[in-house]
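The primary structure of each chain is shown beneath.
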Amino acid sequence: DLICVLMIFLALCLFTLVENILVVVAILKNHNLHSPMYYFLCCLAVSDMLVSISHLMESMYMFLRNYGVIVVDGKTEIQVDNIFDMMICCSVVSSLSFLAAIAVDRYITIFYALRYHNIMTHRRVLIVISGIWLFSTVCSVLFIIYSEKKEVILCLIVFFVLMMVLMVALYIHMFALARRHARSITTLQMGTMRRVMVPHSRVNMKGAVTLSILLGIFFVCWGPFFLHLTLILSCPKHILCINYFKFFNFYIILIICNSVIDPIIYAFRSRELRKTLRDILLCS
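Bear in mind the structure is a predicted one, so any value in this text is a computation, not a measurement.

Conventions and cut-offs
- Residues numbered from 1 in each chain as written.
- Predicted model: local features only at pLDDT ≥ 70, side-chain atom pairs only at ≥ 80, totals over all residues.
- Heavy atoms only, no water.
- Core = buried A, V, L, I, M, F, W, Y, C linked by side-chain atoms within 4.5 Å.
- Buried < 20%, exposed > 50% of the residue type's maximum accessible area, 1.4 Å probe, protein only.
- Helix = DSSP H or I, 4+ residues; strand = E, 2+ residues; numbered from the N terminus.
- Contact = heavy atoms within 4.5 Å.
- Patch = residues over 30% accessible without salt bridge, like charges linked within 9 Å, V, L, I, M, F, W, Y side chains within 5 Å.
- Areas by Shrake-Rupley, 256 points an atom, 1.4 Å probe, with all protein chains shown as cover.
- Salt bridge = Lys/Arg side-chain N within 4 Å of Asp/Glu carboxyl O.
- Axes fitted to C-alpha atoms, helices over the stretch in contact; angles between N-to-C directions.
- Left-handed = near helix turned anticlockwise from the far one by under 90°.
- Nonpolar A, V, L, I, M, F, W, Y, C, P; charged D, E, K, R; others polar.
- Phe/Tyr/Trp six-rings, centres within 6.5 Å; stacked < 30°, edge-to-face > 60°.
- 1 Å grid on protein atoms, 1.4 Å probe; cavity = no way out; pocket = protein on both sides within 12 Å on 5 of 7 lines; lining within 4 Å.
- Points joined across faces, edges and corners; volume = space filled by probe spheres on them.
- UniProt positions renumbered as here; feature names shortened; annotations may be inferred.
- Disulfide = S-S within 2.5 Å.
- Parallel < 35°, antiparallel > 145°, perpendicular 65-115°, else oblique.

**Digging into the nonpolar core**
- Membership of the largest hydrophobic core comes to 75 residues, with the highest contact counts inside it found for L41, L96, M167, W222 and F226.
- When contributions to this core are tallied by element, the ones reaching two or more residues are α1 (2-29), α2 (36-66), α3 (74-111), α5 (122-145), α6 (150-186), α7 (191-234), α9 (248-269) and α10 (271-283).
- Ranked by the residues each element gives to this core, the list is headed by α3, at 14 residues.
- When neighbours within four sequence positions are excluded, L41 is seen to be in contact with I27, I102, L214 and Y266.
- With five residues, the next largest nonpolar core counts L231, C241, F245 and Y251 among its residues.

Below, the structure written as structure tokens:
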């Protein structure tokens, strides 16, 4: 059973690693994709790669250790586990942060369209990206150092809930106001305004829909893992909680599946990215 689980992890991790590398290469290669939203998507792909790399390295490490290829003492094994856990923790914090950054970017695009390029300058985007990676790295290190304290798990759960509430609130506001805006446009009799504003609004809303799908899939794939953490704090010895803990490997597979699905959504929802990926694959 352990070998079967390890092989599943290896296959999924390799597949998602290749997928996300292709997404990063495509965004860097195509100058038409050099915009704040795609920069954030590129960083989100890197976050997914962290999950893939950590589980890939951990699966290979367990495989080699179980077959006696490598022999480590208890202290070294704890240090290795801490490195893998730190990468996963950095991935979840950065993924949530970049999803929130994309939500804010879409919000500004829709409701502050005329000022968008003045607000979302390249300098500010780079500052946001650097800040998110620094914040994620510091959080992951602190979480591992104080991993035995329940407050650390609680902080991670609270961060997850706050980010989800923030993004859901932004999207609800976006879709509500955008729908009202679309209705007002259809009542206008000026053909010029109709030709200019409607396509622009549709493009921006398409980006918001794409990110809503990403958010929904993130919640479905990461939700069971955070429920696992919540039960560890609330009822670690209850029979129902103990039975839920038995499916931990399945929750990890769901997390890896999130990294597999994200690039498919990027390509499916973006014609430009899909074309670039096709060109890369044909060239290779």
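Once the structure has been displayed, the description carries forward.
**Points about a nonpolar patch on the surface**
- A cluster of nonpolar side chains, L134, V138, V141, L142, I145 and Y146, forms an exposed patch at the surface whose accessible area comes to about 540 Å².
- Tracing the chain through its elements places Y146 in the loop between α5 and α6.

**Here we look at the packing of α2 against α9**
- Interhelical geometry of α2 versus α9 gives an angle of 145° and a closest axis separation of 10 Å. For the crossing formed where α2 meets α9, the hand is left-handed. Along the contact surface, α2 presents L41, L44, A45, D48, V51, S52 and H55, while α9 presents I252, I255, I256, N258, S259, D262 and Y266.
- A per-class count over the contact of α2 with α9 returns eight nonpolar, four polar and two charged.

**Regarding the packing of aromatic side chains**
- Enumeration over the complete set of coordinates arrives at 14 aromatic pairs.
- Here F225 and F226 contribute two aromatic rings whose centre-to-centre distance is 5.7 Å and whose plane-to-plane angle is 85°, an arrangement assigned as edge-to-face.
- When its relative accessible area of 2% is taken as the criterion, F226 is described as buried.
- Members of the aromatic cluster, joined through ring pairs, are F160, F218, F219, W222, F225, F226 and F248.

**Here's the deal with the layout of surface pockets**
- Approximately 660 Å³ is the volume attributed to the largest pocket.
- Lining the largest pocket are 28 residues, and of these D85, I88, F225, L229 and F248 sit closest to its centre.
- Taken together, the elements giving at least two residues each to the lining of the largest pocket come down to α1, α2, α3, α5, α6, α7 and α9.
- For the lining of the largest pocket, a count of residues per class yields 20 nonpolar, six polar and two charged.

**Let's talk about the UniProt feature "transmembrane region" (unreviewed entry) in the protein**
- On the UniProt side, "transmembrane region" (unreviewed entry) is annotated at positions that read residues 6-28, 37-57, 83-104, 125-146, 152-178, 203-227 and 247-268 here.
- Taken as a whole, residues 37-57 contains 100% helix and 0% strand, while its terminal C-alpha atoms sit 30 Å from one another.

**Remarks on the state of the cysteines**
- Across all of its chains, the model carries one disulfide by this definition.
- Residue C235 pairs covalently with C241 via a disulfide, S to S 1.9 Å. Between C235 and C241, the S-S torsion sits near -60°, and that sign places the bridge as left-handed.
- Here C89 is not disulfide-linked; the sulfur of C139 is the nearest cysteine sulfur, at 7.2 Å.
- Relative accessible area serves as the criterion here: at 8%, C89 is assigned to the buried category.

**Some remarks on the environment of V25**
- The topology assignment puts V25 in helix α1.
- A relative accessible area of 37% places V25 in the partly exposed class.
- C-alpha separation for the pair V25 and L277, spaced 252 residues apart in sequence, amounts to 8.6 Å.

**Considering the packing of α2 against α5**
- Two numbers describe how α2 lies on α5: the axes approach to 10 Å, and their chain directions differ by 20°. In terms of their interaxial angle, α2 and α5 are classed as roughly parallel. Between α2 and α5 the crossing geometry is right-handed. Every residue of α5 that contacts α2 at P36, Y39, F40, C43, V46, S47 and L50 is listed here: H122, V125, V128, I129 and W133.
- In terms of residue class, the contact of α2 with α5 is built from 10 nonpolar, two polar and no charged.

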